[in-house]
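Survey of secondary and tertiary structure
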Amino acid sequence: MRIKRSIPVSALCILIALSLTSCISVRKVSDEEIRAGFDELCDDIFKQMLEDNSFNAHFVVSDPSEYGVTFNADDYTLGGVLIDEDEDDDVDRYLDKLHKITRKSLTDEQKTAYDSIEFYLVTQKNYEGLEMYYNYFGPTSGITSNLSSNFIEYVFYDQDDVDHYLEYLKDCERYIDEAVDVLYKQSEKGYFMPGYVADEVIEQCDKILNAETEALVVTFEDKIDGLGLDDKVKDEYIETNKQYVDKYYLPSYEKVKNAVSELKTTGTNDGGLCGFGDDGKALYKAILRDKTSSDMTPEEIIELLEDEMNECVKSLTAVIAMDYNAYEEFMDYKAGFDTPDDVLKYIIKEMESDFPAPATTNYNIEYQNKACEVEGTLAYYVSSRIDDISINNIKVNGSEVESGSLMMYETLAHEGYPGHLYEFTNFYNNDSVCNARKALDFTGATEGWAKYVENCVDEYLDMSRNVRELNRVNNLISYICSSRVDIGVNYEGWTIDDVYSYLAQYYEINRETATEMFYSAVGDPGVLLPYTVGNILMQDLRDKAEKELGSGFEALEFHKWILDTGITAFPVYEDRLEEWLAQK
């Protein structure tokens, strides 16, 4: 979260009040006043989050002015690449304000908000001073892969949004110039990405630059059609968009390509983040906390992964030993749905007995433009606005997901129902949750939920219990291996030989596969940890509830508790689960 620094106009009043405490009695603050003060703090945090960046604000709410936030003409920019020192100071300021609140005086929902905000702010604080070691052009999650998606998914509510969109498109030149400047500074310090990662970034740029159809042109025309503008006005906008794509957007990718090509041999670390010493390890620890939504140390996560791997191997061996036919059925299994929409409609109907009713069933699902596909990314869901859950877009990577496959079925459950779309829209529709909480990001928790429900919806298929178990453990083993490699490379200094030796315990692999996984871990540290650790920790919550409640456990009731608690960090879930079970 980026929070602009504001002038402490109340400081003088506070100092005066403190100077008078020796001659007047101090009135005890009531619980009601403490609660009201906490609500004001949450509103202030939320407003600052919107004010910080108008582009990001558009993806959070449909109309910032409804929350007292207005932007000047020069505010419509893509923001900055690096967090500045003033913004770091504001994290400390908000933590200080939070810690001055008497938590025990808050309501239960306020306590959850308090704990969630505190976890989030501490997570952001852990990145302080480490920004120059971070690769802002990670092949899976960096600027080159996300910039196009952000423009494609930018919603036009009215004509003003079109005008702002064009200003953002024009700002690509300035934003990329700043990002490229960061690359040169990283190169000067010896922090530039390894050459093999640079090659992937260059390949991404070429994919955008050489596309037969420019996605930002096609999607712009589709979106503007829905505004009912005069044909002349609409045609002028379409022409301006084409000009801006050619003048500002595409040249930005050319700049990135040229800079990365020039600098790709200047890096001094060909391995993971720990190759940068203590600072590199500190950055990786911050990424781990951020990506897993947990406060576990790297060592604790390693132990978690190894324990889970042992259980998976035992289960896999046992199933194959007693039912080899299940293995053959699993290898050949097809879910059989023709289209993505068929999958979602089927799941929405089947999930009624296990999950609370969806807050909405409005969605749009389509395949990605080929130029915007990212290798290894199966699909993505663009979260709705917190004040408008009617617009929900899911994009499927047709080059990665085969129609009719089990992968397509589980991918759509993950992104749609009862995964991301379902969880986020139910969360945003919960009026008891403050907006500040709704604007926070807990990737480990949300990806953990989405992976967890993949296993839940497999029960709706014509698939035996043994086949389902083989599918579950095979999937989890793959994620565990990738995540263990990620930690090994970035925290323990594993080489390609180390990666090969580790993977050879579980797979018949070649050195090429080990090299690819090593490269992925270096290029995007922590990228798969939310799916792995999040999934395990979410399942652990269920396992604990099942063990405690025994025959009284009901999946519907447990899932309702998750949704009612709302999206948060795992330590908060764990505390709330204790309270929920104690009430049973």
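The coordinates are above.
To keep things clear, this report deals only with the structure shown in the data block. Along each chain, the written sequence defines residue order, and numbers are assigned to residues from 1. Confidence filtering applies because this is a predicted model: local features only for residues at pLDDT of at least 70, side-chain atom pairs given and counted only at 80 or more, and all residues used for totals across whole chains, interfaces and linings. As a rule here, side-chain values cover all heavy atoms of the structure and leave hydrogens and water aside.

Our focus in this paragraph is a nonpolar patch on the surface. Patches draw on residues past 30% relative accessible area with no salt bridge. Two like charges within 9 Å are joined, as are two nonpolar side chains (Val, Leu, Ile, Met, Phe, Trp, Tyr) within 5 Å. Throughout, the Shrake-Rupley method with a 1.4 Å probe supplies accessible areas, and for residues the shown protein chains are the sole cover considered. We count a salt bridge whenever a side-chain nitrogen from Lys or Arg sits within 4 Å of a carboxyl oxygen from Asp or Glu. Among the surface-exposed residues, Val313, Tyr506 and Tyr507 lie close enough to one another that they form a single nonpolar patch of about 220 Å² accessible area. Strands are runs of DSSP state E lasting at least two residues, helices are runs of H or I lasting at least four, and both sets are numbered from the N terminus onward. With respect to the secondary-structure elements, tyrosine 507 resides in the loop between helix H21 (496-503) and helix H22 (511-523). The buried label goes to any residue with under 20% of its type's maximum accessible area, the exposed label to any with over 50%, and the partly exposed label to all in between, with areas taken from a 1.4 Å probe on protein chains only. Here tyrosine 507 falls in the partly exposed class, since its relative accessible area comes to 30%.

To continue, consider the nonpolar core. Core analysis: the largest hydrophobic core is formed by 184 residues, its most contacted members being Phe151, Tyr249 and Tyr409. The leading source of residues in this core is helix H11 (residues 231-263), at twelve residues. Contacts: residue pairs with any heavy atoms within 4.5 Å of one another. Beyond its immediate stretch of four places on either side in the chain, tyrosine 409 contacts Ala335, Phe337, Val343, Tyr346, Ile347, Val457, Asp458, Tyr460 and Leu461. Put simply, a nonpolar core is a bunch of buried Ala, Val, Leu, Ile, Met, Phe, Trp, Tyr and Cys residues held in one set by side-chain atoms that sit within 4.5 Å of each other.

Site definitions follow a grid-based scheme: protein atoms alone, a 1 Å grid, a 1.4 Å probe that fits but cannot get out for cavities, and for pockets an open set with protein on both sides within 12 Å along at least five of seven lines, plus lining residues having an atom within 4 Å of a point. Grid points are joined across faces, edges and corners, and a volume is the space filled by probe spheres set on the points. The volume enclosed by the second largest pocket comes to roughly 800 Å³. Around the second largest pocket, the lining comprises 31 residues; the ones closest to its centre are Asn455, Glu459, Glu469, Arg472 and Gln539. Listed by contribution, the elements that provide at least two residues to the lining of the second largest pocket are helix H13 (298-322), helix H19 (443-457), helix H20 (465-491), helix H23 (529-549) and helix H24 (555-565). Residue contributions to the lining of the second largest pocket peak at eight residues, all from H20.

This brings us to the environment of isoleucine 347. Among the structural elements, isoleucine 347 can be located in helix H15 (residues 340-350). Measuring from C-alpha to C-alpha, the distance between isoleucine 347 and valine 457 comes to 7.2 Å, with 110 residues separating the pair along the chain. Apart from the residues within four sequence positions on either side, isoleucine 347 is in contact with Tyr409, Ala413, Tyr417, Pro418 and Val457.

The tally for this structure, following the rule as stated, stands at three cavities of 30 Å³ or more. Considering only enclosed or pocket space, the second largest cavity measures out at about 40 Å³ in volume. In terms of lining, the second largest cavity is formed by Glu423, Asn426, Phe427, Ile562, Leu563, Gly566, Ile567 and Tyr573. Broken down by secondary-structure element, the contributors of at least two residues to the lining of the second largest cavity are helix H17 (420-428) and H24. Lys, Arg, Asp and Glu make up the charged group, whereas Ala, Val, Leu, Ile, Met, Phe, Trp, Tyr, Cys and Pro make up the nonpolar group; the residues left over, Gly among them, are polar. Of the residues contributing to the lining of the second largest cavity, the split by class is five nonpolar, two polar and one charged.

Looking now at the packing of helix H6 (residues 143-152) against helix H8 (residues 172-189). Interhelical geometry of H6 versus H8 gives an angle of 160 degrees and a closest axis separation of 13 Å. Taken together, H6 and H8 sit at an angle that is classed as roughly antiparallel. The crossing of H6 and H8 is right-handed. Of the residues in H8, those in contact with Ile143, Leu147 and Phe151 of H6 are Cys172, Tyr175, Ile176 and Ala179. The axes used here are C-alpha line fits, helices contributing only the stretch in contact, and every angle between their N-to-C directions lies in the interval 0 to 180 degrees. By the definition adopted for this analysis, an angle is roughly parallel if under 35 degrees, roughly antiparallel if over 145, roughly perpendicular if from 65 to 115, and oblique otherwise. Left-handed describes a crossing whose near helix is turned anticlockwise from the far helix by less than a right angle; the clockwise case is right-handed.

This brings us to the pattern of salt bridges. As enumerated under the stated definition, the model contains 31 salt bridges in all. A salt bridge links glutamate 454 to lysine 451; the shortest N-O distance between them is 3.2 Å. Residue glutamate 454 and its partner lysine 451 are located together in helix H19, separated by three residues, close to a single helical turn. The class for lysine 451 is buried, based on a relative accessible area of 5%. Two residues, aspartate 564 and lysine 560, come together in a salt bridge whose shortest N-O distance is 2.6 Å. Placement of both aspartate 564 and lysine 560 in helix H24 is noted, with a separation of four residues, approximately one turn of the helix. Relative accessible area serves as the criterion here: at 45%, lysine 560 is assigned to the partly exposed category. Where salt bridges share partners, they join Arg103, Asp115, Arg576 and Glu579 into one cluster.

The criterion for strand pairing is that DSSP finds at least two bridges linking the strands in question. Spatially, three strands are ordered E1-E3-E2 in an open sheet, and the strand pairing comes out mixed. Edge positions in the sheet fall to strand E1 (364-367) and strand E2 (379-382), since each has one partner strand and no second. The sheet shows a mean angle of 15 degrees between the axes of neighbouring strands, taken without regard to direction. As defined by bridge partners, E1 adjoins strand E3 (residues 393-396) across four bridges and the pair is classed as parallel. Across the sheet, residue glutamate 366 finds its bridge partner in E3, namely lysine 395.

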